[in-house]
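So the chains spell out like this:
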Amino acid sequence: MARIDIDHVVKHYVDDRIVQTNTGRPALDDVSLQVADGETISIVGSSGCGKSTLLKVVAGIEDPDQGRVRYDGVDVTGVRPQERGVGMVFQDYALYPSMKGKGNLAYYFDVHDSSKEEAEQRVRETAERMGVGFDLLLGQVPTTLSGGEQQRVAIARCIVRDPPLFLMDEPICNLDAKLREQTRVEIRKLLRKFKITTLYVTHDQQEAIFMGDRIVVMRDGRIEQVGTFDDLYYTPASRFVATFIGSPPISVLPAAVTDGRLQLAGASWDLPSPVRAAVPDGPVDLAIRPEGWRLDEADGLAVSVRHIERLPTERAAFAYGTVAGRNVTVILPVDHPERDQLTATPDLDRAYFFEPDGERPLHTPGVLELF
Amino acid sequence: MTLQQEATETAGGAEPPAGTESQVREPAPSRRRRLERALFVLPAFSFQLTWGWYPLLMAFVISFTNARVRGPIEFTGLESYERMWSDPLVAEAFRVTAIYAVLSIGLTFFIPIFVAILLMEMPKRHIRWMMLLWFIPLSGIASTLLFRYMFNAQYGLFQWIATEVLGLEPQPFLNSSDQVLFWLVFPGILFFGPGLIYMATLQGIPASYYEAAEIEGAGFWRKMWTISLPRLRPVISMLLIFAVIGSTQVFEYPMIMTGGGPGGASRTVVMYLYELLQNLRYADATALGVFLFIGTMLLVIIQRRFFREDPDA
Amino acid sequence: MTTEAIAEPRYSSETAIKVRGVQKRFGDKHAVEDVSFDIADGELLVLVGPSGCGKTTTLRMLAGLEPVSDGQIQFGDRVVNEIRPRDRRIAMVFQDYAIFPHLTVFENIAYGLRSRREARKVVKDKVTEAAQTFRIDHLLTRKPRQLSGGERQRVALSRAMVRDAALYLYDEPLSNLDAQLRHQAREDILTLHKNKHRPTVYVTHDQSEAMALGDRIAVMADGRIQQIGTGSDLYERPVSEFVAFFIGTPSINLFDMEIQADGDGAVMVGSGLRLRVHPSMTAAARAHVGQRVRMGVRPEDLHVPRMAPFEVTEENTLHGIVTLIEPTASGCTVYLSTAEGQDFVATFTVRLPNSYLDQEIPLGIDLSKVHLFDADTGASLLKGDIDAVSR
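Keep in mind the model is a prediction, meaning the values are calculated, not measured. (Residues numbered from 1 in each chain as written. Chains lettered and ligands numbered in written order. Predicted model: local features only at pLDDT ≥ 70, side-chain atom pairs only at ≥ 80, totals over all residues. Heavy atoms only, no water.)

### With respect to the overall build of chain C
Along the backbone of chain C there are ten helices and 20 strands. In terms of its C-alpha atoms, chain C occupies a principal-axis envelope of roughly 85 × 45 × 35 Å. Across the 391 residues of chain C, 59% fall into the buried class. Within chain C, counting contacts between residues at least 6 apart in sequence, those at least 24 apart form 66% of the total. When the accessible surface of chain C is totalled, it reaches about 15800 Å², and 47% of it is carbon and sulfur. (Helix = DSSP H or I, 4+ residues; strand = E, 2+ residues; numbered from the N terminus. Buried < 20%, exposed > 50% of the residue type's maximum accessible area, 1.4 Å probe, protein only. Contact = heavy atoms within 4.5 Å. Areas by Shrake-Rupley, 256 points an atom, 1.4 Å probe, with all protein chains shown as cover.)

Structure representation (structure tokens):
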């Protein structure tokens, strides 16, 4: 177990043809992150945002151009990956295909000249702690295991050597949806049980929310925001985070404020006082989540509906439509009648305000008071 | 995720302006890793230097001398080049080599492309058998010797096929100055040339391309023109260079089968060069070598210029 | 060149699709066993199931990419079993999009039209219009490598858009897209579908995608269709434990119980629970007194007692130790474990504070919404109810 300290890391990818010139932006642009002992951090972002590069820098597969990486305060920058002892789990499992599950677990001890008894003992202990039915997996060669089972063996193979740090790069994205749902619960429980410091990279925001004690949102080599789900969802640090977190995504509408009233598509409403204090008069971008609308009120906006998606499994329906030429999504009761027109009022207590066409939030609603 | 994936991700993610997408990015290595890489390259590099570049350079130097086995060696400027330029045998050797190259590239390089595409239409199982047959390792020299006997105008297998099976007049085969170059190329057709590489490449094309084309109404020819050939292009382009170099430098087949005959009809440039060496005309031989080198380089440059390698850019 | 465009086949006026007892064997392995269904004109049918269930094979048989081992596929009144894919008049969107990397976006979209030697003008107009619909008209001269994943997917959709096909097929078209792009992509697919209003088959392993897109959904497993119906049919009236488990996320919780008579009513005993059977199911339950059953409880039907829409008593309470809490936009998902060590899941519309981790909490089960399955066969014991609905 270890505390991880990523300190102002910069990483460039050199353009191969014109040596020594960096045309593009750096893959990692001044990234700093502290991971507490035993904490699981998920790193999420779209492809090319630098999340995998960050993982490689922490693992030592890539050296940073600038900045340091410390494990428990010890500077490991430049230390080879095999000397750092981190456990890595990738999407393609990377089990030794010719060995049974048990051989895969014991392999580390074979190459590190441990005694047979010690290896046996560690494998047995880990198998017990991995939970029900795990010893059954140990007797099989990887090709006969399902994707989820292979990934459990891969994780056990890391756990058995007691790594200071776990690094997982999209470990379950090759599994089908149902299996993914089960396996992520499995992994989360193991991480909680073994209290191993973990960095978990994924492109799936729901998976990131589930796996991480805290979530890092990355974009173009920079960390946009670090925080819990509530932080990201209710107090996003930028428009990017607001649109990235939440599914279906938040809708953004250009509006204007005059004398404390919000003007939008011919309608207007009084701003609540905390919003009025933060949002100056003039143009503003209003962002509303699907659940941030009130239906069928007199002062509502006309939403022309393109289609309604009914999800009995979520006990909700989503109306996809347009207001003043902009796409909006409105959550409806699952049994809401089919219509091509809705009247919806933005709930300004739950709305987000951004500077027009900019990234900076002017006001965010903060966590809802439920009780 | 592999390094490569991340690299392409970084390159392709943010929709860079046209022209920069294809540039492959590599991680900037630290000084220690640069040193490690250099160490790995060193053995191959020093071999290449000793056995590749040094002799080339020496040959170039020798071509400007009057080098011989005994006696003082003096620089004689372009004398040997002038001699070679006006030697009618050189012109003849270049003519023979050019015809050989055209025949060989046409018959053993381009034909297999279409044969390979046709073969891919066969059931998977059969393809595997065919590939296995072509994979049987044969010594080039041994099989060439064998072919020499089969081409024998009196008792050879091909004469039997020509007269008994096809009912033709007895053929002269290697004894005819008109036919000899074709029969030299002929074994190459049977060996399928680079066909195996074409087949391996074709097998790497995602099946969904052909399926999508089929669903979109494409027949065999359209699929060949719009999918198989474009996907083969990088391989064809690369192998063509080897084929050009290989056929302009051909030596062992005419050497074993005909010794350059009849009457010099199969004496290629390299064969003539070999004869010059046997007559101890080192300077002339190296000068001829330089001619050949320049000629081949020109062909390669033309090929590179007109045959775009990356079909996806 | 003034050659006539090659005409595509016409099927009888109702272009509905009929699949009758279709089978597919690979060697002696059955990939698809006896699948039958109809698709009405303009209907979007989703085939959903875990990997290896035969859904993709079924789709490929509809496309003609796999020969049918047994049974019949009809387009209109014409049996198409022996007809080649290119003569079937179908359009398909592949999982990897199958757009040709060496052709420009324009040529990719135009591919099918060119195969049929459409006039130059027609090709240009149709391609431009489709590209505009899917917002890629500014990319027509690019090569696919220069496109993002979402744009490539829209090229594939445009290629289907320019066609006038009798059947549209989708093979997991969203599985290579980032989550944020999927909502938009789903809308694009529906745009295409509504524009064409033709029979459509969509294959996915993701039940939430199936729920969002399908007019009807066929759940497949082991080469058979387990149940076919609308999303709410499958969710509310699953015919088997498999369907109940497959539809809905998080999955339905299953408990081993035994049914016992209790006066006029019935109770379920087991897994450390003793629950009264809801009056609406008493008749069905009393037919299985003394039998082992599996009780399915959806995570949404477990309620915090104070907020339950029904009275929570000893006879409908489940106790669990909280092991994980996952925040969601609408509340949270709570993973719990009973004293017997059985794991189960509940979803709440409020946020459970982290202080409840490792604590035991009581939850009220909405017994009017539980499902009962035969412990051996997995068949629903409330089947009378279902038959009434699906006929």
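From this point, the discussion proceeds with the structure in view.
### Here we look at the sheet that holds strand β13 (residues 261-264) of chain A
All names here are of chain A. What the six strands build is an open sheet, ordered β14-β13-β12-β15-β21-β22; its pairing is antiparallel. Across the chains shown, the open sheet's two edge strands, defined by having one partner strand only, are β14 (267-270) and β22 (361-363). Shown here is a sheet whose adjacent strand axes are inclined to one another by a mean of 40°, direction ignored. (Pairing = 2+ DSSP bridges. Axes fitted to C-alpha atoms, helices over the stretch in contact; angles between N-to-C directions.)

### Some remarks on the confidence of the model for chain B
Residue and element names in this part refer to chain B. Looking at chain B, the pLDDT average stands at 78 and 87% of residues meet or exceed 70. Looking across chain B, the model is least confident in helix α1 (residues 3-12), with a mean pLDDT of 36, and most confident in helix α10 (residues 207-215), with 93. Note that residues 1-27 has pLDDT below 50 and, in this model, 53 contacts with residues that lie over four places away or in other chains. (pLDDT = per-residue confidence, 0-100.)

### As for the layout of surface pockets
Roughly 1300 Å³ of internal volume is contained in the second largest pocket. Around the second largest pocket, the lining is made up of 40 residues, and of these Q182, V185, E186 and K189 of chain A together with D343 of chain C lie nearest the centre. The element best represented in the lining of the second largest pocket is helix α7 (residues 177-194) of chain A, accounting for ten residues. When its residues are assigned to classes, the lining of the second largest pocket shows 15 nonpolar, twelve polar and 13 charged. (1 Å grid on protein atoms, 1.4 Å probe; cavity = no way out; pocket = protein on both sides within 12 Å on 5 of 7 lines; lining within 4 Å. Points joined across faces, edges and corners; volume = space filled by probe spheres on them. Nonpolar A, V, L, I, M, F, W, Y, C, P; charged D, E, K, R; others polar.)

### Quick look at the side chain of R298 of chain C
Residues and elements named next belong to chain C. Position of R298 among the secondary structure elements: in the loop between β14 (292-297) and β15 (302-303). It turns out R298 is buried and unbridged, and the closest side chain with the opposite charge, E300, is 5.1 Å from it. A distance of 3.2 Å separates the side chain of R298 from the backbone oxygen of A244, its partner in a polar contact. Among the polar contacts made by the side chain of R298, one reaches the main-chain carbonyl oxygen of I247 at a distance of 2.8 Å. Look past the residues within four positions of R298 in its chain and what remains in contact with it is L234, Y235, P238, A244, I247, G248, I252, N253 and H371. (Lys, Arg positive; Asp, Glu negative; His and termini not counted. Salt bridge = Lys/Arg side-chain N within 4 Å of Asp/Glu carboxyl O. Polar contact = N/O pair within 3.5 Å; in protein donor to acceptor, adjacent residues only side chain to side chain.)

### Some details on the sheet that holds strand β8 (residues 166-169) of chain A
All names here are of chain A. With respect to topology, six strands assemble into an open sheet ordered β7-β8-β9-β4-β10-β11, the strand pairing being mixed. Looking along the sheet, the strands with just one partner apiece sit at the ends: β7 (87-89) and β11 (222-227). Across the sheet, the axes of successive neighbouring strands diverge by a mean angle of 15°, strand direction being ignored. Note: strand β4 (residues 40-44) against strand β9 (residues 198-202), five bridges, orientation parallel. Paired with S42 across the two strands is Y200, which belongs to β9. Sheet contacts for α7: β4, β8 and β9; angle to β8, the most-contacted strand, approximately 165°.

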